[in-house]
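Listed below, chain by chain, are the residues.
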Amino acid sequence: LDGQGAHRISPNDPVICNGSSVNDLDWGFPDPIAADHRHLASAADDGIRIWSVPVVGPAENIVIPTAHIVLPDAATAVSFHPTASGLLYASAKGDVHLVDFETSKVRLRIPAGDFVQSFSTRFDGSLTATATKDHSIKIFDPRTSPEKSLEVATAHVGTKPTRILFLGEDPELVSTGFSRSRDRECAIWDMRSLARPLLQEKLDTSPGVITPLYDSDSRLLFLAGRGDTLLRWYDVARSPARLNQGPSPFFASTALAAATIAPKLALDVMACEVVRVLAVTADAGAAAVVPVIGCVRRKSHLDFHLDLFPDTAGDVPALSADEWLAGNNVLRPKASLDPARRASVRTVRASATHGAPSATTPSAPQPQPQAPANATSTRLSAPLAAPVAVTAIASVAPAAAPATPVKTVSASTPAVAKPQSQSPPPPRAVVKNMDVVTEPFAYDLKGLNAGTSNECRGLDASSTLLAFPIQGAGGRLAVWPTASKGRLPAKLPMLVCGADLADFQVSPTDASAVYTLSDAGVVQQWAVDPAALTSAAEFHEPAAAFKAHPGRSTLLYVHPAVSGLLVTAGLEIAETVVKVWDAPAAAASSAAHPEPLLSLPHPDVVFSVAASPDAAVLATIARDRLVRVFDLRSGELKTSGPSHDGSKTARMVWLGDTGHFLTVGFGRANRREARVYNSSDCSSPVISILLDTSPSVLVPYYDADLQLLYLAGQGESSIETYYMDLNKRQMNKVNRAGLAAMQHGTAFIAKTSCNVKAIE
């Protein structure tokens, strides 16, 4: 297809008739024989085929290949040599073959040992790396010692395939794969020593294989997962190795099937387009090739910006096959991206002597351009000329003026007078380089009850207490003082509710008060003295209690600012009823079923509730796929609107005093999504984004002081951080905290308990 503009693919479009299923594809250099043609290689079970394809697209079906090379086993992947003409690498079973397609001969064979899942060749062709089924990564010099690896390492030990890629001219390579617990991982390795990775990060728990894509000019790494709905991008930093995740990943409306990076010479440089990824979205009846572009915002696009576009590797080979095999090393001629100088090239010689560069002495990286003074918004730590905003090409819009962050004050922290000229610090300055410490606080926990409902919290905390469900009859909730660190006793102090635990919460306004809701519909308030907690203590008598629902109850919510204001939800006859309570008054009532302040019927199970900080309105989200907002004093339904399409549980959180709330739930096919609603009009969300594909329930937490949203997935090993810019209607990812094990519950301690002297 023509790579420019938008097209609708027709069944009558010309095709290349490969003859058997295509396992892999790769574009090569221009065809030296046929003008305006380019080589294309295809890998199949019956061998490798080389095609000569017109650069404007074929006018008719192409049936006869330029060359057909049969290998001893099925060809699984192909890649053209980066500097020499006529050479092609192909993997087949446990070997990587170097094929001369001009003579239809195999010139070299690299035995990798086990089935080759992926391979990569360094920018100058001197080294080849393989990732095999036995979880090993190996580096070979294909000319001097093709049968003996220079370096060997054990990488990702999961059962699914590993992908590997050299990072341009730098002496590093990146690998993606799976851990033994099926977490997706990304690692950076120093090719001079594979003893241990320079960096290894857990990404998520999705099942799709991740393909790494790298743009060496901008030092941007893209991770495209098969079946995912988002395309992550990272700025690769060195000394020390670090992956700085871009704040705006690309979210697709359908699952991604594949992705690749477009050549630099195809970019619209006058529009300051510095990178373009082509992603294939797979959806029955609506599959498409979607360009994802990265542009740098500049005030003027009339002139060519040399600082953004240094000379890049050209489009012509530097050597013949025989010259490279004889030991010559010449890099491809550099090409200018300036449209006025596009034809100019300059040749860079890496080495004129026999033999490839040693794996212990890689070529020095080329100097990078410095960031200009007028670079906008995000600063990347790598020497990229300016930040890159990645968006879908169909949704690129002019840059809006920076918005002033919304000024908010924590409900639990006294307001401090500040000069009017001061504003909250940019969240990226606070979070982007934050050190995440995950040391065990209290450990050796025995008997954790992981069988509670999806609506029940897994952990809650105040400045003085931790609370979490524990196994045992009668609905047991373990409580432990936050002042006691270290190994937990075999038997923990606990509150015994008398019936199975439905939900619980530590009071945000009283650090020693704990509320529980039993499956039988009884709300209990417990007064817990941290000093009285001993390992053998069991508490059976609450300080106060009342019957909230006659049937099964599902959730409990304690207002963060109004003392004693509770919200519960439970089944009553043929509907779910949300009730608002004055807890002290209900407990003091002599009635068997005290009257609530409000009773709000719902036609289906209520997943979550959240009230505004001023207690003016209450928002609910239910299984009938609707969000509703009620007046918290009169009970009037003020507005409602559609929520998530999936039937699985959802969560919601109020976004400070902005008048907005956020929900996280599931769309189709376990696609997790986040939506932001204006509480005065919920007819449609003001922000709606796809997050990823995973079955885990996300629990949101919001820091109103910095406008930061935290999403913690139950059963996952990371917490994602987003900056909520409601003025621009954006939700930008700014950080990710990786944990050592899967999390069952997450709680945030009040900021008044943070160690501000240590900049916590």
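Keep in mind that what you see is a predicted model, and the values were worked out from it rather than measured.

Undergrad: Hey, could you go over the overall build of the chain for me, with residue numbers and the actual values?
TA: A tally of helices and strands in the chain yields three helices and 57 strands. Among the 760 residues that make up the chain, the fraction classed as buried is 50%. Sequence separation of 24 or more characterises 48% of the internal contacts of the chain that already satisfy a separation of 6 or more.

Undergrad: Break down the sheet that holds strand β4 (residues 67-69) for me, citing the residues and quoting the values.
TA: One open sheet holds the four strands; their spatial order is β1-β2-β3-β4, and the pairing between them is antiparallel. Of all the strands in the sheet, just β1 (22-30) and β4 have a single pairing partner and so form its edges. For this sheet, the mean inter-axis angle between neighbouring strands, taken without regard to orientation, is 20 degrees. The pairing of strand β3 (residues 47-54) with β4 spans three bridges and is antiparallel. Within the sheet, the bridge partner assigned to R49 lies in β4 and is H68.

Undergrad: Help me get a handle on the pattern of salt bridges, residues and values and all.
TA: If you walk through the whole model with that rule in mind, you get 33 salt bridges. The shortest N-O distance in the salt bridge between D624 and R628 comes to 2.5 Å. Given the relative accessible area of 23%, D624 is considered partly exposed. With relative accessibility at 10%, the residue R628 sits in the buried group. Note that D705 is salt-bridged to K751, the shortest N-O span being 3.4 Å. With a gap of 46 residues between them, D705 in the loop between β54 (698-703) and β55 (708-713) and K751 in the segment after β57 (730-738) connect regions that are remote in the sequence. With a relative accessible area of 22%, D705 lands in the partly exposed category. Where salt bridges share partners, they join D170, E172, R219 and R238 into one cluster.

Undergrad: I'd love a proper account of the sheet that holds strand β9 (residues 116-121), names of residues and values included.
TA: With antiparallel pairing, four strands are arranged side by side in an open sheet as β9-β10-β11-β12. The open sheet is flanked by β9 and β12 (151-154), the only strands paired with a single partner. Strand after strand, the sheet turns through a mean of 15 degrees between neighbouring axes, direction not considered. Sheet topology places strand β11 (residues 136-140) next to β12; four bridges connect them, and they run antiparallel. In the strand pairing of β12, K138 is matched with V152.

Undergrad: Any chance you could break down the environment of E201 for me, citing the residues and the numbers?
TA: With respect to the element layout, E201 can be found in strand β16 (residues 199-204). Measuring from C-alpha to C-alpha, the distance between E201 and R736 comes to 10.0 Å, with 535 residues separating the pair along the chain. Those residues within four positions of E201 in sequence are excluded, and the remaining contacts are R184, E185, C186 and L243.

Undergrad: Before we move on, can you summarise the nonpolar core with the specific residues and values?
TA: Counting 22 residues, the largest nonpolar core has F222, L231, F250, V277 and F309 as its most contacted members. Looking at which element gives the most residues to this core, the answer is strand β23 (residues 273-282), with four residues.

Undergrad: So what about unusual backbone geometry? Which residues, and what values?
TA: Trans is the prevailing form of peptide bonds, just as negative phi is the prevailing case for residues other than glycine. Phi angles above zero are rare outside glycine, and S104 is one such case at about 60 degrees. Take S104: it is sitting in the loop between β7 (95-100) and β8 (105-111). The phi angle at A615 is positive, at roughly 60 degrees, despite the residue not being glycine. The residue A615 is located in the loop between β46 (606-611) and β47 (617-622) in this model.

Undergrad: Can you tell me about the packing of aromatic side chains, naming the residues and giving the values?
TA: Two aromatic rings are characterised by how far apart their centres lie and by the angle between their planes. What the rule picks out here adds up to eight aromatic pairs. Taken together, W654, F661 and Y677 form an aromatic cluster joined through their ring pairs.

Undergrad: Mind laying out the state of the cysteines, listing which residues take part and the relevant values?
TA: Counted under the stated rule, the structure contains zero disulfides. Left without a disulfide partner, C272 is nearest to the cysteine sulfur of C295, which lies 7.4 Å away.

Undergrad: I'd love a proper account of the side chain of H644, names of residues and values included.
TA: Along the chain, H644 turns up in the loop between β49 (637-642) and β50 (651-654). Residue H644 is classed as buried on the basis of its relative accessible area of 4%. In terms of polar contacts, H644 uses its side chain to reach the side chain of E673, at 3.0 Å. Apart from residues lying up to four places away in sequence, H644 is in contact with I621, R625, A650, T663, V664, G665, F666, E673 and R675.

Undergrad: Would you mind going over the environment of L632 in detail, with residue names and values included?
TA: In this structure, L632 sits in the loop between β48 (626-631) and β49. What makes L632 buried here is its relative accessible area of 10%. Taking the C-alpha atoms as reference, L632 lies 4.6 Å from V617; in sequence the two are 15 residues apart. Those residues within four positions of L632 in sequence are excluded, and the remaining contacts are L565, V580, L598, A611, A615, A616, V617 and L618.

Undergrad: Would you mind going over empty space enclosed by the protein in detail, with residue names and values included?
TA: All chains considered together, the criterion is met by six cavities of 30 Å³ or more. If you add up the space inside the largest cavity, you get close to 140 Å³. Forming the boundary of the largest cavity are 16 residues, of which R672, D692, E720, Y722 and K733 lie nearest the centre. Sort the elements by how many residues they give to the lining of the largest cavity and strand β56 (residues 718-725) lands first, with four residues. Per-class residue counts for the lining of the largest cavity are seven nonpolar, two polar and seven charged.

Quick notes on the rules
Residues numbered from 1 in each chain as written. Predicted model: local features only at pLDDT ≥ 70, side-chain atom pairs only at ≥ 80, totals over all residues. Heavy atoms only, no water. Helix = DSSP H or I, 4+ residues; strand = E, 2+ residues; numbered from the N terminus. Buried < 20%, exposed > 50% of the residue type's maximum accessible area, 1.4 Å probe, protein only. Contact = heavy atoms within 4.5 Å. Pairing = 2+ DSSP bridges. Axes fitted to C-alpha atoms, helices over the stretch in contact; angles between N-to-C directions. Salt bridge = Lys/Arg side-chain N within 4 Å of Asp/Glu carboxyl O. Core = buried A, V, L, I, M, F, W, Y, C linked by side-chain atoms within 4.5 Å. Phe/Tyr/Trp six-rings, centres within 6.5 Å; stacked < 30°, edge-to-face > 60°. Disulfide = S-S within 2.5 Å. Polar contact = N/O pair within 3.5 Å; in protein donor to acceptor, adjacent residues only side chain to side chain. 1 Å grid on protein atoms, 1.4 Å probe; cavity = no way out; pocket = protein on both sides within 12 Å on 5 of 7 lines; lining within 4 Å. Points joined across faces, edges and corners; volume = space filled by probe spheres on them. Nonpolar A, V, L, I, M, F, W, Y, C, P; charged D, E, K, R; others polar.

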